[in-house]
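Spelled out from the first residue to the last, the chains are:
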Amino acid sequence: LLQQGGNLVGGQTGALSGVVSAPAPAATTPTVTAQGVVHAASDQGGVPIAPGGLITVYGVNLSDGVGQSKGLPLPQQLNGTQVLLGNQPLPILYTSTGQLNVQVPYGVPVNTQYQLTVQHGSTLSVPQSLVVAQAQPGIFTVNQQGTGQGSIVRGDQVTLAQPGTPANIGETVVIYCTGLGAVTPAVKEGLPAPTTPPLSTTVNQVTVMIGGKVAQVAFSGLTPGYAGLYQVNAIVPAEITTGDAVPVVVSVAGQTSPPVTIAVR
């Protein structure tokens, strides 16, 4: 699920992409779609961005074509494109003519507004005004649209907790998400999270509800070796109604993710 070059996290891998674009037309001014800056996991537009989180930018003429970063650290320029938050270039995971996947800097001040601009070649898009919040959680999903089966794996950290391979009551599942905000020890955006202790954990407390019941959280923080990808390890609680579509939500800093589902037996 999370192998380098796989389908969850951009050029770390191409993850958050989900769009295959036609060959790039002749370069013209880049245009960002109305409310086209969305949460990379939930795919919701018009919501705040969070320090360290992954976001997706939809539009037209955004880059020279399809490409993804070749590894970490993530580049700040790819396929003739830079994405600027204020004057700061953002690390880029993936580009196409219609979509960019980038990471928000950890140091961006919260409770502020920033302008996001795409520079393609020498031309700039019309700035998009974005609100920065402490956190804006969202769980990655198999359909890459923020709905249905979550990118949530069982205790072996490989098998999806989905129909056919459901999680068990009392099992620790790993919920892959982004937008959980500040972490400690701090990590520079675009760089891989620590793979040896101390791992980077969330500054703000994270709570998880599975099947409407509070789940005990064993770990919440950055996924080791990745940029901008968070994980929450939670124990499936007893006394829930089992099935193929048990709802899961993650809450942090007063914000709750849209619900996704897992299978539990």
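Now for a quick tour of the structure. As the structure is a computational prediction, the values presented were derived from the model and not from experiment.

Parameters and conventions
Position labels on residues start from 1 in each chain and follow its written sequence. Where local features are concerned, this predicted model is filtered to residues with pLDDT of at least 70; where side-chain atom pairs are given and counted, the filter is 80 or more; whole-chain, interface and lining totals use all residues. Neither water nor hydrogens contribute to the side-chain values; these are computed over all heavy atoms in the structure. When DSSP finds two or more bridges between two strands, those strands count as paired. Under the DSSP-based scheme used, a helix requires at least four consecutive residues in state H or I and a strand at least two consecutive residues in state E, with every element numbered from the N terminus. What counts as a salt bridge is simple: a side-chain nitrogen of Lys or Arg found within 4 Å of a carboxyl oxygen of Asp or Glu. Buried residues are those whose accessible area, probed at 1.4 Å on protein chains only, stays under 20% of the maximum for their type, while exposed residues exceed 50% and partly exposed ones sit between those limits. Grouping buried Ala, Val, Leu, Ile, Met, Phe, Trp, Tyr and Cys residues that are joined through side-chain atoms within 4.5 Å yields what is termed a nonpolar core. It only takes one pair of heavy atoms within 4.5 Å for two residues to be counted as in contact.

**Topic: the sheet that holds strand S1 (residues 31-39)**
Moving on, step 1. The strand order across the open sheet built from five strands is S1-S2-S7-S6-S3, with neighbouring strands paired in antiparallel fashion. Two strands bound the open sheet, and with one partner strand each, they are S1 and strand S3 (67-68).
Moving on, step 2. Taken together, the three bridges between strand S6 (residues 92-95) and strand S7 (residues 99-103) define a ladder with antiparallel strand orientation. Bridged to Tyr94 within S7 is Asn101.

**Regarding the pattern of salt bridges**
Moving on, step 1. For the coordinates displayed, the defined rule picks out two salt bridges.
Moving on, step 2. One salt bridge in this structure joins Arg154 and Glu171, with 3.1 Å as the shortest N-O distance. Within this pair, whereas Arg154 is found in the loop between strand S12 (152-153) and strand S13 (172-178), its partner Glu171 is found in the loop between S12 and S13, the two being separated by 17 residues in sequence.
Moving on, step 3. Assessed through its relative accessible area of 17%, Arg154 is described here as buried.
Moving on, step 4. The salt bridge involving Lys188 is made with Glu189; its shortest N-O contact spans 3.2 Å.
Moving on, step 5. The exposure class of Glu189 is buried, given its relative accessible area of 12%.

**A short note on the pairing of S13**
Moving on, step 1. Taken across its seven residues, S13 has six buried, putting it largely inside the fold.
Moving on, step 2. Here two bridges tie strand S11 (residues 138-139) to S13, and the two strands are oriented antiparallel to one another. Paired with Gly138 across the bridge in S13 is Thr178.
Moving on, step 3. The pairing of S12 with S13 spans two bridges and is classified as antiparallel. Considered in S13, the bridge of Val153 is made with Val174.

**A few points about the nonpolar core**
Moving on, step 1. Counting 30 residues, the largest nonpolar core has Ile175, Val208, Ile210 and Val248 as its most contacted members.
Moving on, step 2. Within the residue set of this core, elements represented by two or more residues are S13, strand S16 (206-210), strand S17 (213-222), strand S18 (230-235), strand S19 (243-252) and strand S21 (260-264).
Moving on, step 3. With four residues, the top contributor of residues to this core is S19.
Moving on, step 4. Apart from residues lying up to four places away in sequence, Val248 is in contact with Ile139, Ile152, Ile175, Val208, Met209, Ile210, Pro258, Pro259, Val260 and Ile262.

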